[in-house]
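Here is what each chain is made of, one letter per residue.
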Amino acid sequence: MPEQIVTNEELAARLDCTPSWIREVSGIEARRYAGAQESVVTMAVAAGRQCLERAGLSASDLGMVIVSSGSADRRFPGPASSVAHQLNATGISAIDLPVASAGGLFGMAIAARLADSSGNILIIASEKMSAVVSREPVERAVLPLFGDGAGACLIEPGVHGARILGSVLHSDGAFADDLNLPFDAPLTMNGRSVILQASRKIPAAIEELLAKNHRKASEVKIFLMHQANQNLMDRVARAIDAEPGKFYSNISRYGNTSSASMLIAASEWWKSPGPEPNDLICFAAFGAGYHWGALLAEF
C-alpha cells in the first residue's frame with residue numbers, strides 16, 4: 001500500500017460535502033494515494049515480491065505472471081511484461097488482464113485452470129485509481145470512493161495450503177456503458193446501476209458456486225470480497241443469509257482499490273487471524289463490463 005493517507009476531511013472540503021456523508025454512502029473513512037514516483041508497475045512489483053517471499057519462492061520458480069489493472073497508464077504494452085521483467089521472471093509468459101474490480105478474481109480462476117500445465121502462476125492486481133478519478137471534471141460521487149494499491153496471489157499446481165475447489169465466472173456487456181474508463185477522460189459510473197446489478201449478481205454467483213460444491217453459506221469461514229462499498233457487502237451478506245462479520249472488510253481504511261482490493265483484503269486476513277485446517281474460503285467480485293463471479297477454496 002502507498003504511504004500517503006487521504007482522509008474524508010481532506011476530500012470533503014474539495015467536493016463541497018461532509019466527511020460523514022462519504023462514510024455513510026460508502027463505509028470509507030480514508031484511502032491511500034500513490035506518489036508521483038509510484039505507478040501500477042512499481043506497486044505490482046512490490047506486491048509480487050512480497051508474495052514470493054511469503055511463499056518461499058523466487059521469480060525463477062514461476063511459469064507465468066498475470067497482471068490485472070484497469071488503470072494502466074498506456075494502451076500497450078500493458079504492465080505485465082514490465083512487471084515480469086522487474087521481478088526477473090525472464091522468458092516466461094506475462095499476460096495482461098484489464099478487468100477492473102473483478103480482475104484479481106478472474107486471474108485466480110484462470111490460473112487455477114492453467115497451473116497444471118504452466119507451473120507456478122503469480123497473479124498481481126495493481127491500481128492507481130487516484131490518477132483516474134482526479135481528472136476534471138471531478139465527480140463528487142466518484143472521487144471519494146477510490147484508492148491505490150496492489151495485491152498478489154500465488155497459484156501452484158497440486159495442493160499447497162488452500163485447495164481451490166472451483167469457480168464461476170460471468171460477464172454481461174449490456175451494461176458496459178454504466179461503468180467505464182475512456183483513455184484520457186474521466187471515469188463514467190452509473191452508481192445506481194452498479195449497486196443494483198452487483199447486489200443481485202454477486203449473491204447469485206456465490207450460491208451457484210456453493211451449490212456446485214454441495215456446500216452452504218453457513219459452512220464458509222470467511223468471505224473475501226472485492227471492497228467496493230460497505231453497504232454492498234452488507235447487502236450480499238443478507239442476500240445469502242450469512243453473518244455480516246464473515247465478510248472481511250478493510251474498505252474504511254483503503255477505499256475501493258478496484259481489482260487489487262480483494263487480494264489486499266485476502267493478504268491482510270491471511271496474516272491475522274488467518275486460515276485453520278478445513279476452513280472454507282469464498283472469494284467474490286463484481287466490476288466493469290459487467291464481470292462477476294466467485295471462487296471457493298478449502299484450507
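The preceding data block contains the structure.
Note that the coordinates shown come from a computational prediction; the quantities given were computed from them, not determined experimentally.

Undergrad: Break down the pattern of salt bridges for me, citing the residues and quoting the values.
TA: Within this structure, the stated rule accounts for five salt bridges. Salt-bridge contacts for Lys-212 lead to Glu-208; the nearest nitrogen and oxygen are separated by 3.6 Å. Placement of both Lys-212 and Glu-208 in helix H7 (residues 191–212) is noted, with a separation of four residues, approximately one turn of the helix. Owing to a relative accessible area of 54%, Lys-212 belongs among the exposed residues under this scheme. The salt bridge partner of Glu-268 is Arg-253, with a shortest N-O separation of 2.9 Å. Of this pair, Glu-268 sits in helix H10 (residues 261–271) while Arg-253 is found in helix H9 (residues 251–254), placing the two residues 15 residues apart along the sequence.

Undergrad: Give a detailed account of empty space enclosed by the protein, specifying residues and quantitative values.
TA: In total, this model carries one cavity of 30 Å³ or more according to the counting rule given. Each pocket or cavity is described by its volume, and for the largest cavity that value is around 50 Å³. As for the largest cavity, its lining consists of Val-132, Val-133, Arg-135, Pro-137, Val-138, Glu-139, Val-142, Pro-186 and Leu-187. For the lining of the largest cavity, a count of residues per class yields seven nonpolar, no polar and two charged.

Undergrad: For the packing of H7 against helix H8 (residues 230–239), give the residues involved together with the corresponding values.
TA: In the contact formed by H7 and H8, the axes pass within 9 Å of each other and the chain directions differ by 40°. Compared by their axis directions, H7 and H8 come out oblique. Between H7 and H8 lies a crossing of right-handed hand. Touching Ile-195, Ala-198, Ser-199, Ile-202, Pro-203, Ile-206 and Glu-207 of H7 are Leu-232, Arg-235, Val-236 and Ala-239, all from H8. Looking at the contact of H7 with H8 residue by residue, the classes come out as eight nonpolar, one polar and two charged.

Undergrad: Residues and numbers for the sheet that holds strand S12 (residues 291–298), please.
TA: The strand order across the open sheet formed by four strands is S7-S12-S11-S10, and the pairing between neighbours is mixed. Pairing within the sheet leaves two strands with one partner each, and these edge strands are strand S7 (163–171) and strand S10 (222–225). On average, adjacent strands in this sheet sit at an angle of 15° to one another, irrespective of strand direction. Here eight bridges tie strand S11 (residues 280–287) to S12, and the two strands are oriented antiparallel to one another. Its bridge partner lying in S12, Phe-286 is registered against Trp-292.

Undergrad: An account of the side chain of Gln-227 is needed here, citing residue identities and associated values.
TA: If you trace the backbone, Gln-227 turns up in the loop between S10 and H8. In this structure the side chain of Gln-227 is engaged in a polar contact, spanning 2.8 Å, whose partner is the backbone oxygen of Met-225. Looking at Gln-227, its side chain comes within polar contact range of the main-chain oxygen of Tyr-248, at 3.1 Å. Residues within four places of Gln-227 in sequence aside, it is in contact with Met-233, Tyr-248, Ser-249, Asn-250, Ile-251, Gly-255, Asn-256, Ser-261 and Ala-265.

Cut-offs applied
Residues numbered from 1 in each chain as written. Predicted model: local features only at pLDDT ≥ 70, side-chain atom pairs only at ≥ 80, totals over all residues. Heavy atoms only, no water. Salt bridge = Lys/Arg side-chain N within 4 Å of Asp/Glu carboxyl O. Helix = DSSP H or I, 4+ residues; strand = E, 2+ residues; numbered from the N terminus. Buried < 20%, exposed > 50% of the residue type's maximum accessible area, 1.4 Å probe, protein only. 1 Å grid on protein atoms, 1.4 Å probe; cavity = no way out; pocket = protein on both sides within 12 Å on 5 of 7 lines; lining within 4 Å. Points joined across faces, edges and corners; volume = space filled by probe spheres on them. Nonpolar A, V, L, I, M, F, W, Y, C, P; charged D, E, K, R; others polar. Axes fitted to C-alpha atoms, helices over the stretch in contact; angles between N-to-C directions. Parallel < 35°, antiparallel > 145°, perpendicular 65-115°, else oblique. Left-handed = near helix turned anticlockwise from the far one by under 90°. Contact = heavy atoms within 4.5 Å. Pairing = 2+ DSSP bridges. Polar contact = N/O pair within 3.5 Å; in protein donor to acceptor, adjacent residues only side chain to side chain.

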